[in-house]
Amino acid sequence: MDGQLFPKGLMLKSANEKIDYFKNLTVAHPHLIKAYEEFKNKISVADKNEILLIFGPSGVGKSTLFNRIIEDYNKAYLIDMLNDKGLIPIVGTEAIAPDDGRFDWRDFYIRSLTSLNEPLINYKINNEVYSKGIMPTDKSKNAYRRAMENALIYRKPNAFLIDEAQHISRIARGKSLRNQMDTLKSLASISMVPFVLFGTYEVLKFRNLSGQLIRRGIDIHLPRYKVDIADDRDSFQNVLWTFQKHLPFMNEPNLIEHWEYFYMHSIGCVGNMKLWFNRTLDHSLSNDMNKKTLTINDFEKFELSLEKVEKLVDEAIEMEKYVEDNDNERRNRVSIKLGMGSNQSEGKGTSHKSSKQRGRVGERKPNRDQVGVDEYKDAKINS
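So, here's what we can say about the structure.

Definitions and limits used
Residues numbered from 1 in each chain as written. Predicted model: local features only at pLDDT ≥ 70, side-chain atom pairs only at ≥ 80, totals over all residues. Heavy atoms only, no water. Helix = DSSP H or I, 4+ residues; strand = E, 2+ residues; numbered from the N terminus. Buried < 20%, exposed > 50% of the residue type's maximum accessible area, 1.4 Å probe, protein only. Contact = heavy atoms within 4.5 Å. Areas by Shrake-Rupley, 256 points an atom, 1.4 Å probe, with all protein chains shown as cover. Core = buried A, V, L, I, M, F, W, Y, C linked by side-chain atoms within 4.5 Å. Patch = residues over 30% accessible without salt bridge, like charges linked within 9 Å, V, L, I, M, F, W, Y side chains within 5 Å. Salt bridge = Lys/Arg side-chain N within 4 Å of Asp/Glu carboxyl O. Lys, Arg positive; Asp, Glu negative; His and termini not counted. Charge placed at Lys NZ, Arg CZ, Asp CG, Glu CD. Axes fitted to C-alpha atoms, helices over the stretch in contact; angles between N-to-C directions. Parallel < 35°, antiparallel > 145°, perpendicular 65-115°, else oblique. Left-handed = near helix turned anticlockwise from the far one by under 90°. Nonpolar A, V, L, I, M, F, W, Y, C, P; charged D, E, K, R; others polar.

Turning to the overall build of the protein, a few remarks are in order. On a plain count of helices and strands, the protein comes out with 16 helices and seven strands. Relative to its full complement of 383 residues, the protein shows a buried share of 43%. Taking contacts inside the protein between residues at least 6 apart in sequence as the whole, the part at least 24 apart equals 76%. Of the roughly 21700 Å² that the protein leaves accessible, carbon and sulfur atoms contribute 48%.

Counting residues in hydrophobic clusters, the biggest one holds 35 residues, and the most contacted among them are M148, F160, I162, L184 and F195. Those elements giving two or more residues to this core turn out to be strand 1 (51–55), helix 5 (105–115), helix 7 (141–155), strand 3 (160–163), helix 8 (175–191), strand 4 (195–199) and helix 9 (204–207). Counting 27 residues, the second largest nonpolar core, distinct from the first, contains F198, I218, V309 and L312.

Let us now look at helix 12 (residues 259–266). Within helix 12, six of the eight residues are buried, which leaves it mostly tucked inside the rest of the structure. Trailing helix 12 by a residue or two, I267 shows a phi angle of about 50°, which is positive.

On to the environment of L10. One can find L10 in the segment before helix 1 (15–23). A relative accessible area of 7% means that L10 is categorised as buried. Measuring from C-alpha to C-alpha, the distance between L10 and P248 comes to 7.1 Å, with 238 residues separating the pair along the chain. In this view, L10 contacts E17, K18, Y21 and P248; residues no more than four positions away in its chain are not counted.

Quick look at a negative patch on the surface now. A surface patch of like charges, here negative, comprises E307, E310, D314 and E318. Looking at the element boundaries, E310 is found in helix 15 (residues 306–325).

It is at 11 Å that the axes of helix 2 (residues 30–45) and helix 3 (residues 62–76) come closest, and there the two elements cross at 55°. Overall, the two elements helix 2 and helix 3 adopt an arrangement that is oblique. In this structure, helix 2 crosses over helix 3, and the sense of that crossing is right-handed. The residues of helix 3 that touch helix 2, namely those facing L32, A35, Y36, F39 and I43, are T64, L65, R68, I69, D72 and Y73. Partitioned by chemical class, the residues of the contact of helix 2 with helix 3 number eight nonpolar, one polar and two charged.

This part covers unusual backbone geometry. Phi is positive for K156, close to 55°, though the residue is something other than glycine. Note that K156 resides in the loop between helix 7 and strand 3. With a relative accessible area of 48%, K156 lands in the partly exposed category. Of note in this structure, I267 is not a glycine but carries a positive phi near 50°. By the element assignment, I267 lies in the loop between helix 12 and helix 13 (270–287). Of the residues examined, I267 reaches a relative accessible area of 4% and is grouped as buried.

Another aspect to go through is the pattern of salt bridges. Tallied over the full model, the rule gives 16 salt bridges. For E320, the salt bridge identified is with R224, shortest N-O distance 2.6 Å. Highlighted residues: E320 in helix 15 and R224 in the loop between strand 5 (217–221) and helix 11 (230–246), separated in sequence by 96 residues. A relative accessible area of 10% means that R224 is categorised as buried. Taken together, the shared-partner salt bridges connect R68, E71, D72 and K75 into one network.

The structure is reproduced here in structure tokens:
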């Protein structure tokens, strides 16, 4: 037990306390820290009516980032909240998947008001209707929306975060999808609070709906770890090693030597692996609170099937290619459209290829980003 990282007294606790300890454990791995820093930097310069997208594959850790941002902002603004009882430094809610295929905005407004600590939510009225002499019994979508706008103006958060934001796109295609984004844009404009959408790659549907939305949008990509990239491979192994050290057992399980197995069934997403560990630990300790350690056989009971793994991998690779690999092609197409690249015509009916350039303006030279941080202490908010 000497090398294990959980509190020494934990072994004397109940099975439920051990399970809760590990479930509450978060590891600040490099991709998460980079996304966290990007958020801080971009939200600090974003316009008050900005819309940010934070996206990545399912199970990559977006909800962990969502919760960490809210927790850290509340800590950083503790004194400000004591001086201003109405202040909420940052607020967030989850977009609930619709039952009937259409996103429920009324439910979203009610959940948002709850997150904003709004009193008397069930008694909100539409003032326009009331001014016409109609009794104030209205509990329509518009009444709750106005209440949300006013609450955001009064509470003055730095940002409004929406987790599982891809569910907002579950309504229709074309014009209706644009209406969804226009609603968010309008909320941000009226309240003067930037909105941050956390979601899978599906939230990219919102990004290119119109030139105005593109201009006002900021993207943050939270990717999975890729085994063919040395730094990614090392980072994934470090996370697995950290989980191994925090598992509350008398004998430390030897999991790191099976890292390829854990990588395959998590597809390199830390969130997938953490959920897998939580289920395995819960089952193991609930059935035998005196269990000494875990083995691969324990994890096999809760591993994602290869069919599910293959589907997740296919989806991730397809969207990674869309997000990352096509940048050069897009740059070339834009250059041509702007008259900066090749295929510019000179003279009557004649085209000439331009000579190759040594480098393009704004194009970053290839290098590796720094990785390998395991604590949030280097990513605290500058309050």
